[in-house]
Amino acid sequence: MARPRKPLLSTDRIVETARTLVDAEGLATLSTRRLAAELGVSGPSLYNHFRTKDQILEAVADSVSAQVDLSMFEDGRDWRTALHDWAVSYRTALRDHPNIVPVLARGPGRRPAGLRLADAVFGAMVGAGWPPAQATSIGALMRYFIMGSALGSFAGGFVDDETAYDPADYPHLGQAHLLAEQQEKIDERAFEVGLTALLDGLVQQFQRVTAPE
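Attention here is on the structure that accompanies the text. Worth saying up front: this structure is predicted, and the values here are computed from it rather than measured.

The next thing to look at is the nonpolar core. Within the largest apolar cluster, 50 residues are counted, with the highest numbers of intra-cluster contacts made by Phe 73, Leu 83, Trp 86, Met 125 and Met 142. Among the elements that take part in this core, helix α5 (residues 79–96) stands out by supplying eight residues, more than any other.

Moving on: the pattern of salt bridges. Taken as a whole, this structure holds 10 salt bridges when the rule is applied. Between Glu 58 and Arg 106 there is a salt bridge; the shortest N-O distance is 3.6 Å. On the criterion of sequence distance, the pair formed by Glu 58 in helix α4 (residues 53–65) and Arg 106 in the loop between α6 (101–104) and α7 (112–128) is long-range, its members being 48 residues apart. With its nearest N and O atoms 3.9 Å apart, the salt bridge here joins Asp 96 to Arg 95. Taking relative accessible area as the criterion, Arg 95 reaches 39% and is therefore assigned partly exposed. In the salt-bridge network here, residues are joined through shared partners; they are Arg 91, Arg 95, Asp 96 and Glu 188.

Here the focus is helix α9 (residues 183–210). In an α-helix, one turn spans 3.6 residues; hence positions three or four apart end up facing the same way. Spanning 28 residues, α9 covers 40 Å between terminal C-alpha atoms, matching the ideal 40 Å at 1.5 Å per step. For α9, every residue scored as buried is listed here: Ile 186, Asp 187, Phe 191, Leu 195, Leu 198, Leu 199, Leu 202 and Phe 206. Buried residues along α9 sit in contact with α5, α7 and α8 (132–151).

Right, let's get into the packing of aromatic side chains. Applying the stated rule across the entire model yields eight aromatic pairs. Taking 6.1 Å as the distance between ring centres and 55° as the angle between the ring planes, the aromatic pair formed by Phe 73 and Trp 86 counts as tilted. In this pair, Phe 73 sits in the loop between α4 and α5 while Trp 86 sits in helix α5, placing the two residues 13 residues apart along the sequence. You'll find Phe 73 and Trp 86 in the same group, each marked buried. Between Trp 86 and Tyr 90 the ring centres are 5.4 Å apart and the planes differ by 50°, which places this aromatic pair in the tilted class. Taken as a pair, Trp 86 and Tyr 90 lie in helix α5 at a separation of four residues, close to a single helical turn. No difference in accessibility class separates Trp 86 from Tyr 90, as the two residues are buried.

Criteria and thresholds
Residues numbered from 1 in each chain as written. Predicted model: local features only at pLDDT ≥ 70, side-chain atom pairs only at ≥ 80, totals over all residues. Heavy atoms only, no water. Core = buried A, V, L, I, M, F, W, Y, C linked by side-chain atoms within 4.5 Å. Buried < 20%, exposed > 50% of the residue type's maximum accessible area, 1.4 Å probe, protein only. Helix = DSSP H or I, 4+ residues; strand = E, 2+ residues; numbered from the N terminus. Salt bridge = Lys/Arg side-chain N within 4 Å of Asp/Glu carboxyl O. Expected span 1.5 Å × (residues − 1). Contact = heavy atoms within 4.5 Å. Phe/Tyr/Trp six-rings, centres within 6.5 Å; stacked < 30°, edge-to-face > 60°.

Dropping the structure here:
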């Protein structure tokens, strides 16, 4: 009986396997040797697709950017609604793959999906009437906010230990030990509060920018 054939090595398979490893164990654990072992191939086989580990990480990062929905910039939604819905989709992608965020935070570089994302936001803002310079600033501002929200958890930074927050030292943190168990709910609410405040501020700026002289 013929032995079953191994799945063919492909760029997509390498990226998917690398993303799974990074998701599960973090950036530090990814090496070409470890990745090759997971794929059941020899290390040099990877070099037919990627020359370096950094190139693999760039591809993994771009595969996460490709998960961000951009349809809201093309289906007639007003710019504020589009920015809101895009930000939620972007944060969801980062929340699902938090270990790759430090690579994404470097900027889009030459990554196709990352560049399409930047192009969509900039184009939508200019199309809505924002001056190009301010449209660039909006794209940067949104990226700072979304990336920052994905880099860590406010609620997760508190320990589930009531004795850690002595009222004598921290008179206003008497319930802080309860935050960790509500981490997801608190972080989601904080993101929405911040996003609403940010977008409301941009609406005020837009009214000034587009007001007739």
